[in-house]
Amino acid sequence: MNCNEVEVMVAAYADRELDRLREHVIEKHLRGCAGCAAMHHKVLALRARLRAEVPYFPASAALRAWVHATVEAARGAPPSQPRLALDRWRWLTGGALAGCTATMLAWVLGTAVIDWRTNDDLAAAVVASHVRAMLGNHLIEVASSDQHTVKPWLSARLDYSPPVHDLANEGFALTGGRLDILEQRPIATLVYRYRQHTIDVFVRPESAHAPPPALRTVRGFNVAHASGSGMDWIAVSDVSASVLSPFVQRLARAGAAP
Ligand SMILES: [Zn+2]
């Protein structure tokens, strides 16, 4: 196989769409030809960039409803096809069914990918907020260790009332709160002090999205999540994960305690 032939097939090769024999021949050519190997590398790099940078869009509620309705209708349909059905008809419906399955699979995978991307973006966004507040000296808008001062201040500025608890006796002193914007919505941020560390805790009503992972690390900051008291609690700090995770879980549970 010469370079021109490889050039034609390199994209299909990168996507693993070729048969074993051609795959083997191209593989051998790439090992001995720097030009074609570079071209192959470019295709792989482009594919990686497309995967990383092209945005995903969640399916609209209307599309979800339509897919559900279509699947339900198909389930309810009589199982036997008319006797007139020919092989060709069966082949066609088989194809349609396979197509439908593929579409459903793509939809399910797509939804999972969107949730993953959303959570990825969420962790990055809370870390960005935390860093911005720390660097910009905008950490606290209402400075108080009194939960009865912080809570009404936040409630007056939001369409929900976040539970506020001072856990100073457990080493986590409430120092105040502020408002942030997360995913285009105002969100309550509680600020705690633990030894020399500052911990930001973002509190918002529980969303219908898949919950973020319990723990993530973004640019060296730990991001821990917990659900409780009807809220999502997302804590960000440079404090170790073994401190941050139990703390955020404790806060989420604290709402239930008297
Ligand atoms: Zn070549």
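The written sequence of each chain sets the order in which its residues are numbered from 1. Residues qualify for local features only when their pLDDT is at least 70, as the model is predicted, and side-chain atom pairs are given and counted only at 80 or more; totals for whole chains, interfaces and linings, by contrast, use all residues. Only hydrogens and water are set aside; all other atoms, that is, all heavy atoms of the structure, feed into the side-chain values.

(A) Broad picture of the pairing of strand E7 (residues 231-237). Throughout, exposure labels follow a simple rule: accessible area from a 1.4 Å probe, protein chains only, divided by the maximum for the residue type, with under 20% read as buried, over 50% as exposed, and the rest as partly exposed. Each helix corresponds to a stretch of at least 4 residues labelled H or I by DSSP, and each strand to a stretch of at least 2 residues labelled E; elements are numbered beginning at the N terminus. Of all the 7 residues making up E7, 7 are buried; the element is thus mostly covered by neighbouring parts of the structure. Burial along E7 is two-sided: the face carrying Met231, Trp233, Ala235 and Ser237 and the face carrying Asp232, Ile234 and Val236 are both buried. Strand pairing is assigned whenever DSSP identifies at least 2 bridges connecting the two strands. Following strand E6 (residues 221-228), the chain reverses through 2 residues before pairing antiparallel with E7; Ser229 in that reversal takes a positive phi of roughly 55°.

(B) Quick peek at the packing of aromatic side chains. Planes of paired rings set the category: under 30 degrees apart is stacked, over 60 is edge-to-face and the rest tilted, where pairs are Phe, Tyr or Trp rings (Trp by its six-membered ring) whose centres lie within 6.5 Å. All told, the structure shown has 3 aromatic pairs when counted by the stated rule. Ring centres of Phe172 and Tyr194 lie 4.7 Å apart, and the angle between their planes is 20°; on these two criteria the pair is classed as stacked. Pair noted here: Phe172 is in the loop between helix H6 (147-155) and strand E2 (173-182) and Tyr194 is in strand E3 (residues 185-194), with a separation of 22 residues, a long-range link. Of the two residues, Phe172 and Tyr194, neither departs from the other in class, the shared state being buried. When the centroid spacing of 4.2 Å and the interplanar angle of 15° are considered together, the rings of Phe172 and Phe247 count as stacked. Placement of the pair is Phe172 in the loop between H6 and E2 and Phe247 in helix H7 (residues 241-254), with a sequence separation of 75 residues. Here Phe172 and Phe247 have matching classes, each one buried. Through a chain of ring-to-ring contacts, the aromatic side chains of Phe172, Tyr192, Tyr194 and Phe247 assemble into a single cluster.

(C) How the structure looks around the sheet that holds strand E5 (residues 215-218). Strand order in the open sheet formed by 7 strands is E1-E2-E3-E4-E7-E6-E5, and the pairing between neighbours is antiparallel. Since the sheet does not close on itself, it has two edges, and those belong to strand E1 (142-143) and E5, each with one partner. Across 9 bridges, the pairing between E2 and E3 is antiparallel. Residue pairing across strands places Leu179 opposite Ala188, the latter belonging to E3. When checking whether two residues touch, look at their non-hydrogen atoms; a contact exists if any pair is within 4.5 Å. Lines fitted to C-alpha atoms define the axes, with helix axes restricted to the stretch in contact, and inter-axis angles between N-to-C directions lie between 0 and 180 degrees. Taken strand by strand, H7 contacts E3, strand E4 (197-205), E5, E6 and E7, and its axis lies near 25° from that of E6.

(D) Seen up close, the coordination of the zinc ion. Donors, by definition, are the N, O and S atoms found within 2.8 Å of a metal, the threshold being 3.2 Å for Na, K and Ca, and water is not counted, so a site can look incomplete. Bound to the zinc ion are the protein donor atoms Cys3 (SG), His29 (NE2), Cys33 (SG) and Cys36 (SG), situated 2.0 to 2.3 Å from the metal. Geometry assignment treats four donors as tetrahedral when all angles are between 85 and 135 degrees, treats four as square planar and six as octahedral when opposite donors are over 155 degrees apart and all others between 65 and 115, and treats everything else as irregular. One can describe the site at the zinc ion as tetrahedral: its 4 donor atoms subtend angles covering 101 to 114° at the metal. Summarised as a motif, the one-chain spacing of the donors to the zinc ion is C-x25-H-x3-C-x2-C. Taken as a pair, Cys3 in helix H1 (residues 3-14) and His29 in helix H2 (residues 20-32) lie far apart in primary sequence, 26 residues in all.

(E) Quick peek at H7. A helix is expected to span 1.5 Å multiplied by its residue count minus one. Over its 14 residues, H7 runs 19 Å from end to end, which matches the ideal 20 Å to within 8%, given 1.5 Å per residue. Looking at H7, one finds that the buried residues are Val243, Leu244, Ser245, Phe247, Val248, Leu251, Ala252 and Ala254. Each element contacted by the buried residues of H7 is listed here: E3, E4, E5, E6 and E7.

(F) Quick look at unusual backbone geometry. You will see that Arg16, though not glycine, has its phi angle at about 60°, which is positive. In this structure, Arg16 sits in the loop between H1 and H2. Overall, Arg16 belongs to the exposed group, its relative accessible area being 61%. Backbone geometry places Ser229, a non-glycine residue, at a positive phi of 55°. Looking at the element boundaries, Ser229 is found in the loop between E6 and E7. For Ser229, a relative accessible area of 36% corresponds to the partly exposed category.

(G) Region of the structure containing the nonpolar core. As used in this record, nonpolar core signifies buried Ala, Val, Leu, Ile, Met, Phe, Trp, Tyr and Cys residues forming a set joined through side-chain atoms within 4.5 Å. Judged by nonpolar contacts, the single largest core of 42 residues is most densely connected at Leu190, Tyr192, Ile199, Val201, Trp233 and Phe247. The biggest single contributor to this core is H7, with 6 residues. Tyr192 has contacts with His165, Leu167, Phe172, Ala173, Leu174, Thr175, His197, Thr198, Ile199, Val201, Phe247 and Leu251, leaving out every residue within four places of it along the chain. One finds Met9, Ala12, Leu18 and Cys33 within the second-largest nonpolar core, a separate group that totals 9 residues.

(H) Structural context of the environment of Met1. Residue placement: Met1 occurs in the segment before H1. For the pair Met1 and His29, spaced 28 residues apart in sequence, the C-alpha to C-alpha distance is 7.4 Å.

(I) Summary view of the packing of H1 against helix H3 (residues 34-53). For the pair H1 and H3, interaxial distance at closest approach is 10 Å and the crossing angle is 25°. Our classification of the angle between H1 and H3 gives roughly parallel. Seen from above, H1 lies across H3 with right-handed handedness. Across the interface between the two elements, Cys3, Val6, Glu7, Val10, Ala11, Tyr13 and Ala14 from H1 touch Cys36, Met39, His40, Val43, Leu44 and Arg47 from H3. When residues are sorted by character, Ala, Val, Leu, Ile, Met, Phe, Trp, Tyr, Cys and Pro go into the nonpolar class, Asp, Glu, Lys and Arg into the charged class, and all the rest, Gly among them, into the polar class. For the contact of H1 with H3, the per-class residue count stands at 10 nonpolar, 1 polar and 2 charged. The labels follow the angle: roughly parallel below 35 degrees, roughly antiparallel above 145, roughly perpendicular from 65 to 115, and oblique for the rest. Throughout, a crossing is termed right-handed when the near helix is turned clockwise from the far one, and left-handed when it is turned anticlockwise from it by less than a right angle.

Everything listed here is a matter of geometry and, on its own, says nothing about what the molecule does.
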